[in-house]
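Structure at a glance
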Amino acid sequence: PSINPYETLGVEINVSDAEISKAYKKLALKLHPDKLQQKANLSETERERLAHQFHDVKEARSFLLDPEHKEARQKYDKKLKSDLLRKEDDERRERFMSDRRKRMRDELRSKEKQAEQKKKWR
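Calculation rules
- Residues numbered from 1 in each chain as written.
- Predicted model: local features only at pLDDT ≥ 70, side-chain atom pairs only at ≥ 80, totals over all residues.
- Heavy atoms only, no water.
- Core = buried A, V, L, I, M, F, W, Y, C linked by side-chain atoms within 4.5 Å.
- Buried < 20%, exposed > 50% of the residue type's maximum accessible area, 1.4 Å probe, protein only.
- Contact = heavy atoms within 4.5 Å.
- Helix = DSSP H or I, 4+ residues; strand = E, 2+ residues; numbered from the N terminus.
- Expected span 1.5 Å × (residues − 1).
- Arc of directions from axis to C-beta.
- Polar contact = N/O pair within 3.5 Å; in protein donor to acceptor, adjacent residues only side chain to side chain.
- Patch = residues over 30% accessible without salt bridge, like charges linked within 9 Å, V, L, I, M, F, W, Y side chains within 5 Å.
- Areas by Shrake-Rupley, 256 points an atom, 1.4 Å probe, with all protein chains shown as cover.
- Salt bridge = Lys/Arg side-chain N within 4 Å of Asp/Glu carboxyl O.
- Lys, Arg positive; Asp, Glu negative; His and termini not counted.
- Charge placed at Lys NZ, Arg CZ, Asp CG, Glu CD.
- pLDDT = per-residue confidence, 0-100.
- 1 Å grid on protein atoms, 1.4 Å probe; cavity = no way out; pocket = protein on both sides within 12 Å on 5 of 7 lines; lining within 4 Å.
- Points joined across faces, edges and corners; volume = space filled by probe spheres on them.
- Nonpolar A, V, L, I, M, F, W, Y, C, P; charged D, E, K, R; others polar.

Points about the nonpolar core
- Formed by 17 residues in total, the largest nonpolar core has its most connected members in Leu 9, Val 11, Ile 20 and Leu 64.
- Among all residues touching Ile 20, those that are not within four sequence positions of it are Leu 9, Val 11, Val 15, Leu 64, Leu 65 and Arg 73.

Okay, here's the thing in structure tokens:
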């Protein structure tokens, strides 16, 4: 998916399908275009933004609950969990890294960026 469906619905990755449905219903009622038409004080751009948000909520629900997306959801969940573990490991490593090593790492990253930029100009 182009957006994180869990963030879109405001739920954690390990919630039940019932909780996903509950979050979807709450957001759908809030963002539904028919509800928005009752609010006369919204600008056209605000209506479009909310309509787009409603579409994202529908897509997120579909991805998380529809059986046709089950395999894709499992792959997505594995990737999210892997990314989270990697981030936690990086943060732990960062806490125990000496200042000298942090400087060396930052210098290396800087040199790598410069090399990439030179590569693009060629």
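Comments concerning helix H2 (residues 17-31)
- For H2, which comprises 15 residues, the first-to-last C-alpha distance of 21 Å matches the rise-based estimate of 21 Å (1.5 Å per residue) to within 8%.
- Considered for burial, the residues of H2 that qualify are Ile 20, Ala 23, Tyr 24, Ala 28 and Leu 31. All buried residues of H2 lie within an arc of 130 degrees about the axis, which places them on one face of the element. Away from its buried face by more than 90 degrees, H2 exposes Ala 18, Lys 22, Lys 25, Lys 26, Leu 29 and Lys 30.
- Next to the buried residues of H2 lie helix H1 (5-9), helix H3 (33-37), helix H4 (44-65) and helix H5 (70-96).

Some points on the environment of Tyr 6
- Position of Tyr 6 relative to the elements: it lies in helix H1.
- In sequence terms Tyr 6 and Ala 23 are 17 residues apart; their C-alpha atoms lie 10.0 Å from each other.
- Not counting the four nearest positions on each side in its chain, Tyr 6 is found in contact with Val 11, Glu 12, Ile 13, Leu 64, Arg 73, Tyr 76, Asp 77 and Leu 80.
- A distance of 2.5 Å separates a polar atom in the side chain of Tyr 6 from a polar atom in the side chain of Asp 77.

Some points on a positive patch on the surface
- A cluster of like positive charges, contributed by Lys 22, Lys 26, Lys 30 and Lys 39, occupies part of the molecular surface.
- Mapped onto the secondary structure, Lys 39 falls in the loop between H3 and H4.
- Looking at Lys 39, the relative accessible area reads 44%, which means it is partly exposed.

Observations concerning the confidence of the model for the protein chain
- This prediction gives the protein chain a mean pLDDT of 91; 99% of its residues lie at or above 70.
- No element of the protein chain has a lower mean pLDDT than H3, which averages 76, and none a higher one than H1, which averages 96.

Here's the deal with the pattern of salt bridges
- In this structure the tally under the stated criterion is eleven salt bridges.
- A salt bridge links Arg 73 to Asp 17, with the nearest nitrogen and oxygen atoms 3.5 Å apart. With Arg 73 in helix H5 and Asp 17 in helix H2, this residue pair connects regions lying 56 residues apart in the sequence.
- Taking relative accessible area as the criterion, Asp 17 reaches 44% and is therefore assigned partly exposed.
- Measuring nitrogen to oxygen at the nearest pair gives 2.4 Å for the salt bridge that ties Glu 94 to Arg 105. With Glu 94 in helix H5 and Arg 105 in helix H6 (residues 99-121), this pair connects stretches of sequence that are eleven residues apart.

So, the layout of surface pockets
- Space inside the largest pocket adds up to approximately 180 Å³.
- Lining the largest pocket are Pro 1, Ser 2, Ile 3, Pro 5, Asp 56, Glu 59, Ala 60, Ser 62, Phe 63 and His 69.
- By residue number, the principal contributor to the lining of the largest pocket is H4, which donates five residues.
- Looking at the lining of the largest pocket residue by residue, the class counts come to five nonpolar, three polar and two charged.
- Roughly 150 Å³ of volume is contained in the second largest pocket.

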